[in-house]
Amino acid sequence: MLEVDKLQLKLNGKPIINDFSLHVDKGEIHGILGENGTGKTTIANLIMGTNNYQPTAGRMTFEGQDITKLSVSERAQRGITLAWQEPARVEGLTVRDYLSLSSHNGQADQIEQYLLTVGLEPAQYMDRDIDATLSGGERKRIELASVLAMRPKLAILDEPDSGIDIVAMPRLLNGIIEMNKQGSSVLLITHSERVTGIAHRVSILCAGTIIRTGPAAESSQWFQKNCLTCPHINEPTQ
Amino acid sequence: MIDAYEKAGGDKRVLETKDVAKLVVHENKVLASDDIKGLKIETKESKSGVSVKLTVEEGAKIAHPVHLCFGLLPKEGKQEIMMKVEAKDNSDVSVIAHCIFPNAVKVIHKMDADIEIGAGARFEYKETHYHGESGGIEVIPKAKVSVAKGGVWQSTFALSQGVVGRLDYDSEVVCLEKAVAELTVKAYGKGTDDIKIVEKIYLNGAGARGMAKSRVVLGDKARAEVRGETYGNAPYARGHVDCMELVNGTEAVAIAIPIVSVTNDKAKVTHEAAIGSIDRKQVETLMARGLDEDKAVDVIVRGILK
């Protein structure tokens, strides 16, 4: 479904992403596991086309079509979306409005169901603004609900667990599994092995490149053994 | 007039309802005026407009919002509204005003309001403008408001439909002990619109509270100057100035002048002013859900001005 081939990004002459290659299959939850500073959020932005990031080399295809130079909207209209690590807050935009436009005017009861899936009570949230009155965790869960409402072909989730408390975490993971069940492939970008535990395959990211891909349990073990103890910050060990 | 009223967001059924107080003024003619128990509307036509006296009796709790409609349908003309409001002690009322000038090419709409809010009274005033696309209009609303002990004055002025033209908004509120003033102005300037907003709150009584809030979005060559002033002159007075101006055009100009002043060591007044372009991350958030860029910007602007 998504093919990323030898993507490179340099910022101010400094290489950030190096020969990054990845493929995500249709129906797959694919985890990208990496420590802080390895380029996880940059990868999310490159695939979505956000933050003005344009690769200096390499290409990306989605369902066989080159998307490397498409705008954010054009990628979204082809079925790709992104849930940010720190989602934006928009004054005057209610949760109801946000989920409705994400679902392209879906039914109200469906929209409410998406909130319930991520553990938020519709009666308490639908008419609230997506502004600073929401906590970070609430905003993250609303972001996930909006992705559920969109029913994308591919959802890129950047650190979906950050800011989520221990009580809400199972709801969040359930939401991601539900998203996958309703037909979305998921690219799950995180530093947490607990989160990648729900993935079919997990790739390890180091210094802007994938150094290993395998089943979730194997990748997690490898990550613990090699990355957590690695003295070389952001330098591949193999 | 009724069609224009509906375009401005009004509900014409309200104008036909008996238990709702209302006033409809076209140019200098009073087309409709209805009192209800506890609330009296007196009018006097003049050559260039109408004088209005709105009185809410002591202790009266008005169940339904009062509807005011001021408009001028010809392309040219002048409308001056002299408004005297007296909300007596412990009264409670909400007023919804629509000002409609759909065909204005050369129109002046002036409103001078003298408003007294009694002790323990609450008065909410929401004014929404609907202008056409010609932009040949000057809107000059001025208000002087006094709020007695424990009274509440809440006003919202919105001009986001059609072309603003020239807006010269000036509101000054004096709050006595434990009185509250909340002022909000929202405007969407386009073309060569010229917007000037002055909000002043004097917190002269102990424990008085005030908020001067403004939200302005500017496109094309529009220009806005927003002055939010709050003066903490009494112990435990609390005030805040909150100004946001978004510029969505390379030739638009936004100026914010927050003034906060404290003359009592137990008073506290704060301010925040943000001027800049529309947040790129907000736009991309909506684009990532499939909206094109123009639509995403429109959703954000509408949210700010809602």
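These remarks concern the structure in this document. Everything numeric in this text was worked out from a predicted model, so none of it was measured. (Residues numbered from 1 in each chain as written. Chains lettered and ligands numbered in written order. Predicted model: local features only at pLDDT ≥ 70, side-chain atom pairs only at ≥ 80, totals over all residues. Heavy atoms only, no water.)

A short note on the overall build of chain A
We count it as follows: To qualify as a helix, a DSSP run of H or I must reach at least 4 residues; to qualify as a strand, a run of E must reach at least 2; elements of each kind are numbered from the N terminus. Here the globule rule reads 2.2 Å times residues to the power 0.38, and the radius of gyration is calculated from C-alpha atoms. Only protein chains enter the area calculation, which uses a 1.4 Å probe; residues under 20% of their type maximum are buried, those over 50% are exposed, and those in between are partly exposed.
Looking only at helices and strands, one finds nine helices and 12 strands in chain A. A globule of 238 residues ought to have a C-alpha radius of gyration of about 18 Å, and chain A, at 17 Å, matches this closely. Over its C-alpha atoms, taken along the principal directions, chain A stretches across nearly 50 × 35 × 30 Å. Each of the 238 residues in chain A was classed as buried or not, and the buried ones make up 56%.

Here we look at helix α4 (residues 108-117) of chain A
All names here are of chain A. Basically, it comes down to this: Think of it as the arc spanned by the lines of direction from the helix axis to the C-beta atoms. The contact definition used throughout considers only heavy atoms, calling two residues in contact when any of these lie within 4.5 Å.
For α4, the full list of buried residues reads Ile111, Tyr114, Leu115 and Thr117. For α4, the angular spread of buried residues about the axis comes to 160°, placing them on one side. On its buried face, α4 sits against α3 (95-102), α5 (122-125), α6 (136-150) and α7 (169-181). Phi for glycine 119, located one or two positions after α4, is positive at around 85°.

Examining the environment of glutamine 282 of chain B
By the secondary structure assignment, glutamine 282 of chain B is in helix α3 (residues 280-287). For glutamine 282 of chain B, a relative accessible area of 14% translates into the label buried. With near-sequence residues (within four places) excluded, glutamine 282 of chain B lies in contact with Ala88, Arg89 and Val90 of chain A together with Ile300 of chain B.

Quick word on the pattern of salt bridges
As a reminder, the rule being used: When a carboxyl oxygen of Asp or Glu is within 4 Å of a side-chain nitrogen of Lys or Arg, the pair counts as a salt bridge.
Applying the stated criterion across every chain yields a total of 28 salt bridges over all chains. Salt-bridge contacts for arginine 215 of chain B lead to glutamate 91 of chain A; the nearest nitrogen and oxygen are separated by 2.6 Å. Taken together, the positions of arginine 215 of chain B in strand β15 (residues 209-219) and glutamate 91 of chain A in strand β7 (residues 90-94) put the pair across two chains. When its relative accessible area of 3% is taken as the criterion, arginine 215 of chain B is described as buried. Its relative accessible area of 23% is what places glutamate 91 of chain A among the partly exposed residues. One salt bridge in this structure joins arginine 280 of chain B and glutamate 293 of chain B, with 2.8 Å as the shortest N-O distance. You can see arginine 280 of chain B sitting in helix α3 and its partner glutamate 293 of chain B sitting in helix α4 (residues 293-305), a full 13 residues away along the chain. The class of arginine 280 of chain B is partly exposed, set by a relative accessible area of 36%. A residue is classified by how much of its surface remains accessible, and glutamate 293 of chain B, at 35% relative accessible area, is partly exposed. Ionic contacts of the salt-bridge type, sharing partners, join the residues Asp92, Arg122, Glu124 and Lys126 of chain B into one network.

Quick word on the interface of chain B and chain A
Note the following rule: Simply put, the buried area is the total loss of 1.4 Å probe accessible area from both parts when two parts are fitted together. Identification of polar contacts relies on pairs of N or O atoms within 3.5 Å, with a donor-acceptor requirement for protein atoms, meaning one able to donate a hydrogen and the other able to accept it, and with residues adjacent in sequence counted only if both atoms are side-chain atoms. When residues are grouped by polarity, Ala, Val, Leu, Ile, Met, Phe, Trp, Tyr, Cys and Pro land in nonpolar, Asp, Glu, Lys and Arg in charged, and all others, Gly among them, in polar.
Taken together, the 20 residues of chain B in the interface contact 33 residues of chain A. It is Lys281, Glu284 and Arg289 of chain B that lose the most area in chain B upon contact with chain A, and together they represent 36% of the buried surface on that side. Across the pair aspartate 129 of chain A and lysine 306 of chain B runs a salt bridge whose closest N-O atoms are separated by 3.9 Å. The interface formed by chain B and chain A holds 14 residue pairs in polar contact (both at pLDDT 80 or more) in total. At the level of elements, β15, α3 and α4 of chain B are the ones that each hand at least two residues to the side of chain B that touches chain A. Of the residues that constitute the side of chain B that touches chain A, the class distribution is eight nonpolar, four polar and eight charged.

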